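An overview of the molecular structure
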Amino acid sequence: MNIIKNLVPSSKYNIKCPYTMNAQFIVVHNTANDASAANEIAYMIRNNNQVSFHYAVDDVEVVQGIPENRNAWHAGDGGNGRGNRNGIAVEICYSRSGGDRFIKAEKNAAKFIASKLKEKGWGIDKVKKHQDFANKYCPHRTLDMGWNRFLNMIQSELNTSNSSGQNTSTVLKRGSRGTQVRYLQMNLTGLGYKGVSIDGIYGPGTESGVKRFQAAYGLSADGIAGPNTLNKMDSIIGGLQNNLNKLGYNVGSIDGVFGNSTKNAVIAFQRDNGLTADGIPGKNTFAKIEEVIKNKDSDKNRLYRVQVGAFGVRDNAQKLVTELKSKGYDAIVVQDKGLYKVQTGAFSKRENADKLVVQLKKDGFEAIVI
Ligand SMILES: [Zn+2]
């Protein structure tokens, strides 16, 4: 997706963005208009109203009008309002009439916001709506269609960018610096590789950690974190986060970065399952997670069957079926391990099977749940 800059001239800073800003979150708006992103930004720059926003997104591109290190007037919460002074404003275009252009614009906005969260190392909780800061129903069409739906769109962008190889061209090695290096260091440390400082600088400690990681996962142990290594790490951490979330241990967003929430979830899981609760997922922890997930899945698929009798001779089973049917029960004969079993029901919930057993016993049948 194209991101085009058409920044307000500094001569208009006093009107449009008078304060420097340390951005802390994103504020989502709908334009309530039918203009393109380029036109929204051009108009915003041209007029002399104290109305401004950092980005406008339409069905084809993103246009930036205000630098991220300056505030914008968009949140309606006043000169010292948190929204106006700390939020990066993103306007989604074509919301007045809606339709296909808006649908596409909203999708682009979800993508753009996901990439912004990645860049900043922020979670989904950093995505706010105009309505959070002022009594205004904005982003109106996005709200009409469902705010959580929009957050889910962003989350799934985050998930795909993690699992589908957002690292395809990234190579981190001795001397590399920055957020990606920091994430790598957090992941190595989280996985228990000692001697890695989390400082965003790829030094000998990080290199050694990468070598050990590569050796452990059958990659060529050259100490350079290229696409294979980074994707492997992404899939291990992302998979771990996904599984912990599934099991009800809240790791927050599945971002492929081993932060505190992931560590705490690992500790809680280890504690609940009789493992050493050190927050480092070693072989035993990974194996246990797999096992618990497997059991949970088979629990979910299991059916509780009510059996009224089991016979060596089919005719006897058939007689019982006839008798059950005469009293209004549905019954079938199931052949299993040389026996003819008479069953009257199969339930995904144990309590429903138990209820049927009680009723059958009242009618004089012997029944058990299998
Ligand atoms: Zn708004």
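Note that the structure is a prediction, hence the values are computed from the model and not measured. (Residues numbered from 1 in each chain as written. Predicted model: local features only at pLDDT ≥ 70, side-chain atom pairs only at ≥ 80, totals over all residues.)

1. Describing the overall build of the chain
If you tally the helices and strands in the chain, you get 13 helices and 10 strands. Whereas a compact globule of 370 residues would reach a radius of gyration of roughly 21 Å, the chain reaches 29 Å, over 25% beyond that. Seen through its C-alpha atoms, the chain measures out along the principal axes to roughly 95 × 55 × 35 Å. Per-residue burial over the chain gives 35% buried out of 370 residues. Within the chain, contacts between residues separated by at least 24 positions form 59% of all contacts whose residues are at least 6 apart in sequence. (Helix = DSSP H or I, 4+ residues; strand = E, 2+ residues; numbered from the N terminus. Rg over C-alpha atoms; globule rule 2.2 N^0.38 Å. Buried ≥ 20, exposed ≤ 12 C-beta atoms within 10 Å, placed from the backbone. Contact = placed C-beta atoms within 7 Å.)

2. Section: the nonpolar core
Among the nonpolar cores identified, the biggest contains 37 residues, and Tyr55, Ala56, Val57, Val90, Ala109 and Ile113 are the most heavily contacted of them. Looking at this core, the elements with two or more residues in it are β2 (25-30), α2 (37-46), β3 (55-57), β4 (61-64), β5 (87-92), α4 (100-120) and α6 (147-163). The biggest single contributor to this core is α4, with 8 residues. Not counting residues within four places of it along the chain, the set of residues in contact with Val90 comprises Ile26, Val28, His29, His54, Tyr55, Val57, Ala109 and Ile113. Val181, Tyr202, Phe258 and Ile289 belong to the second-largest nonpolar core, a separate cluster that totals 25 residues. (Core = buried A, V, L, I, M, F, W, Y, C linked by C-beta atoms within 7 Å.)

3. Details of unusual backbone geometry
Cis geometry marks the peptide bond from Cys138 to Pro139; its omega dihedral reads 0 degrees. Mapped onto the fold, Pro139 is located in the loop between β6 (127-129) and α5 (140-145). At Ala32, a position not held by glycine, the phi torsion is positive, near 55 degrees. Examined against the element boundaries, Ala32 turns out to sit in the loop between β2 and α2. Looking at Ala32, the number of C-beta atoms within 10 Å reads 13, which means it is partly exposed. The phi angle at Tyr94 is positive, at roughly 65 degrees, despite the residue not being glycine. Relative to the helices and strands, Tyr94 resides in the loop between β5 and α4. Its 26 C-beta neighbours within 10 Å are what place Tyr94 among the buried residues.

4. Things to note about helix α8 (residues 204-216)
Compared with an ideal rise of 1.5 Å per residue, which puts 13 residues at 18 Å, α8 spans 18 Å between its outermost C-alpha atoms and is within 8% of the ideal. The inward-facing, buried residues of α8 contact α7 (179-190) and α9 (227-246). The positive-phi residue at the C-terminal boundary of α8 is Gly218, with phi of around 70 degrees. (Expected span 1.5 Å × (residues − 1).)

5. Remarks on the pairing of β5
By the criterion of burial, β5 is predominantly enclosed, with 6 of the 6 residues buried. Neither face of β5 is left uncovered, since the one carrying Gly87, Ala89 and Glu91 and the one carrying Ile88, Val90 and Ile92 both have all their residues buried. As defined by bridge partners, β2 adjoins β5 across 6 bridges and the pair is classed as parallel. Across the sheet, His29 pairs through a bridge with Glu91, a residue of β5. (Pairing = 2+ DSSP bridges.)

6. Considering the domain arrangement of the chain
Split by domain assignment, the chain resolves into domain 1 (2-163), domain 2 (179-298) and domain 3 (302-369). On a C-alpha basis, the centres of domain 2 and domain 3 stand 49 Å from each other. (Domains from an automatic or database assignment.)

7. A short note on the pairing of strand β8 (residues 332-336)
When β8 meets strand β9 (residues 339-347), the two strands line up antiparallel, connected through 5 bridges. The residue of β9 that forms the bridge with Asp336 is Leu339. The turn linking β8 back onto β9 is made up of 2 residues, and Lys337 within it adopts a positive phi angle of 50 degrees.

8. Some thoughts on the sheet that holds strand β1 (residues 2-5)
In spatial order, the strands read β1-β4-β3-β5-β2-β6; together these 6 strands make up an open sheet with mixed pairing. Here the strands that pair on one side only, and so sit at the sheet edges, are β1 and β6. Each strand of the sheet is rotated relative to its neighbour by a mean of 25 degrees, with strand direction disregarded. Where α2 meets the sheet, it contacts β3, β4 and β5, and its direction lies at approximately 10 degrees from that of β4. Of the strands in this sheet, β2, β3, β4, β5 and β6 are in contact with α4, which crosses β5 at around 160 degrees. (Axes fitted to C-alpha atoms, helices over the stretch in contact; angles between N-to-C directions.)

9. As for the confidence of the model for the chain
The share of residues in the chain with pLDDT of 70 or more is 96%, and the mean pLDDT across the chain is 91. Per-residue pLDDT stays below 50 along residues 163-167; that stretch engages in 9 contacts with residues further than four places along the chain or on separate chains. (pLDDT = per-residue confidence, 0-100.)

10. Description of the environment of Tyr183
For Tyr183, the position within the fold is in helix α7. Each C-alpha atom of the pair Tyr183 and Phe258 lies 7.6 Å from the other, and the pair is 75 residues apart in sequence.

11. Some points on the sheet that holds strand β10 (residues 368-369)
Strand order in the open sheet made by the 4 strands is β8-β9-β7-β10, with antiparallel pairing throughout. The outermost strands of the open sheet, each flanked by one partner alone, are β8 and β10. In terms of strand pairing, strand β7 (residues 304-311) meets β9 through 7 bridges, oriented antiparallel. From the neighbouring strand, Ala310 faces β9, where its bridge partner is Lys341.

12. A word on helix α10 (residues 260-272)
For α10, spanning 13 residues, the distance from its first C-alpha to its last is 18 Å, which sits close to the expected 18 Å at 1.5 Å a residue. Turning to α10, its buried residues are Thr262, Ala265, Val266, Phe269 and Gln270. For α10, the angular spread of the buried residues around the axis is 135 degrees, confining them to a single face. The exposed residues of α10 that point more than 90 degrees off its buried face are Asn260 and Arg271. Phi turns positive one or two residues past the end of α10, at Gly274, with a value near 70 degrees. (Arc of directions from axis to C-beta.)

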